[in-house]
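Here is what each chain is made of, one letter per residue.
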Amino acid sequence: MTTIAFIGLGNMGNPMAANLVKAGHTVLGFDLMPENLAVARDHGVTIMANAVAAVKDADVVITMLPAGKHVLSVYEDIAPKAKQGALFIDSSTIDVESARKAHAVAKKHGLASIDAPVSGGTGGASAGTLTFMAGGSDDAFTKAEPILKPMAGRIVHCGGDGAGQAAKICNNMILGISMIGVAEAFVLAEKLGLSHQALFDVASTSSGQCWSLTSYCPVPGPVPASPANRDYKPGFAAALMLKDLKLSQEAAQGAGAVTPLGAEAAQLYALFNAQGGAASDFSGIINFLRGK
Ligand code: NAD
């Protein structure tokens, strides 16, 4: 049993913290939003007055915050006050540069750290089946693995500092591009008089096969669990897809990588978000492509 501080108890953080409590850990939580703290308390998290109070006696500190600026500002506050030798795990999705800066802050204070963003959404967070993509030293990863286990279906050590964030944004760039590709194919099929089911039956067992088609089909019917069957209620909101695509483009510019389809996907999701799609599932971009 380990004492774990959990900072950022939102849609993802709350169910993740609940799984740590279920695994027998003592979880000390903090969030800026009182309503999220109330949910965490119901899950058995001990609520602390602020982030510093939460980390003071913790062996492990997990952050699940919106963006790089939040992670860096929280790290600057808590790293000097953390227990000597504590392990810092940041599971937020943030830019690679901020992730590396966060590692540097931790190192400056003698703390072990990994970046460990997740995929699997709120469903995976509740079920304890998230995929963790970890970046950091072998030592830090070895310490982190048993802590991540109650929240995880899969844990992959991707490389050194920032490698987890790099894997996350590359994966989500594939996802954004492939969802647009699948949605465009359904829109073209509609115009050609081809049924959704016929396209699905062919493409799902042909060279067009991909996760956006077979697990997350953007039209209702072929995959009953996909958000298209519940009016595109997320799931994975289009606003978060846009965030990840922007991160991929920032990273591409910084690294000098040419990603024209990633850039186009970012622009299309920006338009979809601006036209009211932000809160809907990212597969709802099919309606934007239909001109609706
Ligand atoms: P969220 O907005 O629901 O939760 C973020 C929480 O952080 C909020 O409760 C907010 O009050 C809190 N917070 C912000 N600044 C804080 C501070 N200084 N101190 C303490 N708490 C603070 O967001 P989420 O959906 O839980 O996502 C969290 C991270 O996980 C994001 O980086 C997101 O991109 C990533 N992510 C989300 C999903 C998803 O499906 N929701 C999937 C994978 C990854």
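Residues numbered from 1 in each chain as written. Predicted model: local features only at pLDDT ≥ 70, side-chain atom pairs only at ≥ 80, totals over all residues. Heavy atoms only, no water.

A look at helix H8 (residues 163-191)
Using the following cut-off: Counting from the N terminus, the helices are the DSSP runs of H or I reaching at least four residues and the strands are the DSSP runs of E reaching at least two. Expected helix span is computed as 1.5 Å times (number of residues minus one).
The end-to-end C-alpha distance of H8 is 43 Å, a good match for the 42 Å that 29 residues give at a rise of 1.5 Å each. Of the residues one or two after H8, Gly 193 is the one with positive phi, at around 75°.

Describing the packing of aromatic side chains
Short version of the rule: Pairs were defined over the aromatic rings of Phe, Tyr and Trp, the Trp ring being its six-membered one, requiring ring centres within 6.5 Å. Orientation was assigned from the angle between planes: stacked under 30 degrees, edge-to-face over 60, tilted for the rest.
For the structure shown, the criterion picks out seven aromatic pairs. Following the ring pairs from residue to residue traces out a cluster consisting of Trp 211, Tyr 216, Phe 236, Tyr 269, Phe 272, Phe 282 and Phe 288.

Side note on the nonpolar core
The cut-off we apply is this: We define the nonpolar core as a collection of buried residues of types Ala, Val, Leu, Ile, Met, Phe, Trp, Tyr and Cys that are connected through side-chain atoms lying within 4.5 Å of one another. Partly exposed describes any residue whose relative accessible area lies between the buried limit of under 20% and the exposed limit of over 50%, with all areas from a 1.4 Å probe on protein chains only and scaled to the type maximum. Contacts were defined at the residue level, with two residues in contact if any of their heavy atoms lie within 4.5 Å.
The biggest cluster of nonpolar side chains holds 32 residues, and the ones touching the most others in it are Phe 6, Met 16, Ile 62, Ile 89, Ile 114, Phe 132 and Leu 148. Considering every element that reaches this core, the biggest residue donor is helix H7 (residues 138-148), with five residues. The contact partners of Leu 148, leaving out residues within four places of it in the chain, are Ile 89, Ile 114, Phe 132 and Ile 155. Formed by 25 residues, the second largest nonpolar core is a distinct cluster that contains Ala 58, Leu 72, Ala 86 and Val 105.

Quick notes on the state of the cysteines
Spelled out, the test is: The term disulfide is used for any two cysteine sulfur atoms that are within 2.5 Å.
Taken as a whole and assessed by the stated rule, the structure comprises zero disulfides. No disulfide involves Cys 170; its nearest neighbouring cysteine sulfur is the one of Cys 158, lying 10.0 Å away.

Looking at the environment of Pro 117
Along the polypeptide, Pro 117 turns up in the loop between strand E6 (112-115) and strand E7 (118-119). The class for Pro 117 is buried, based on a relative accessible area of 0%. When the C-alpha positions of Pro 117 and Ala 51 are compared, they lie 20 Å apart, and in sequence the two are 66 residues distant.

Some remarks on the domain arrangement of the protein chain
As a reminder, the rule being used: Segment limits for the domains were obtained from an automatic or database-derived domain assignment. Buried area: the accessible surface (1.4 Å probe) lost by two parts on joining, summed over both. Any Lys or Arg side-chain nitrogen found within 4 Å of a carboxyl oxygen on Asp or Glu counts as a salt bridge. In protein, a polar contact means a hydrogen-donor-capable atom and an acceptor-capable atom, both N or O and within 3.5 Å, with residues adjacent in sequence counting only if both atoms are side-chain atoms; elsewhere, any N or O pair within 3.5 Å suffices. All amino acids are sorted into three groups, where Ala, Val, Leu, Ile, Met, Phe, Trp, Tyr, Cys and Pro are nonpolar, Asp, Glu, Lys and Arg are charged, and the leftover types, Gly among them, are polar.
The domain architecture assigned to the protein chain consists of domain 1 (3-160) and domain 2 (166-289). Distance between the C-alpha centres of domain 1 and domain 2: 29 Å. Every contact between the two is made by eleven residues of domain 1 and, on the other side, eight residues of domain 2. Buried surface at the junction of domain 1 and domain 2, both sides included, amounts to about 740 Å², of which 66% is carbon and sulfur. Of all residues in domain 1, Thr 93, Val 96 and Met 133 bury the most surface against domain 2, accounting for 49% of the area lost on that side. The tally of links between domain 1 and domain 2 comes to zero salt bridges. Where domain 1 packs against domain 2, one counts three residue pairs in polar contact (both at pLDDT 80 or more). When the residues that make up the side of domain 1 that touches domain 2 are grouped by side-chain class, the tally is eight nonpolar, two polar and one charged.

Quick word on H7
Keep this limit in mind: The arc in question is formed by the directions pointing from the helix axis toward the C-beta atoms.
All of the buried residues in H7 are Ala 140, Phe 141, Ala 144, Ile 147 and Leu 148. Down the axis, H7 shows its buried residues gathered within 120° of arc, on one side only. With respect to the buried face of H7, the exposed residues turned more than 90 degrees away are Asp 138, Asp 139, Thr 142 and Pro 146.

Looking at the site of the ligand
Using the following cut-off: Any residue with a heavy atom positioned within 4 Å of a molecule or strand is treated as near that molecule or strand. Per-residue and other accessible areas follow the Shrake-Rupley method at a 1.4 Å probe size, with only the shown protein chains counted as cover for residues.
Near the ligand, the surroundings consist of 23 residues, among which Asn 11, Met 12, Asp 31, Asn 36 and Lys 243 are the closest. Contact distances for the ligand include 2.9 Å between an oxygen atom and a backbone N or O atom of Asn 11. Met 12 places a main-chain nitrogen or oxygen 2.8 Å from an oxygen atom of the ligand. Isolated, the ligand exposes 830 Å² of accessible area, and the fraction of that covered by the protein chains is 86%. Those elements that place two or more of their residues in the shell around the ligand are helix H6 (121-127) and helix H11 (238-255). Residue classes in the shell around the ligand are distributed as twelve nonpolar, eight polar and three charged. Domain assignment of the residues forming the shell around the ligand places at least three in each of domain 1 (3-160) and domain 2 (166-289).

Describing unusual backbone geometry
A cis amide bond, omega 20°, links Pro 234 with the succeeding residue Gly 235. Mapped onto the elements of the fold, Gly 235 is located in the loop between helix H10 (211-214) and H11. Its identity as a non-glycine residue notwithstanding, Asp 231 has a phi of 55°, on the positive side. At Tyr 232, a position not held by glycine, the phi torsion is positive, near 65°. Turning to its location among the elements, Tyr 232 is positioned in the loop between H10 and H11. Its relative accessible area of 8% is what places Tyr 232 among the buried residues.

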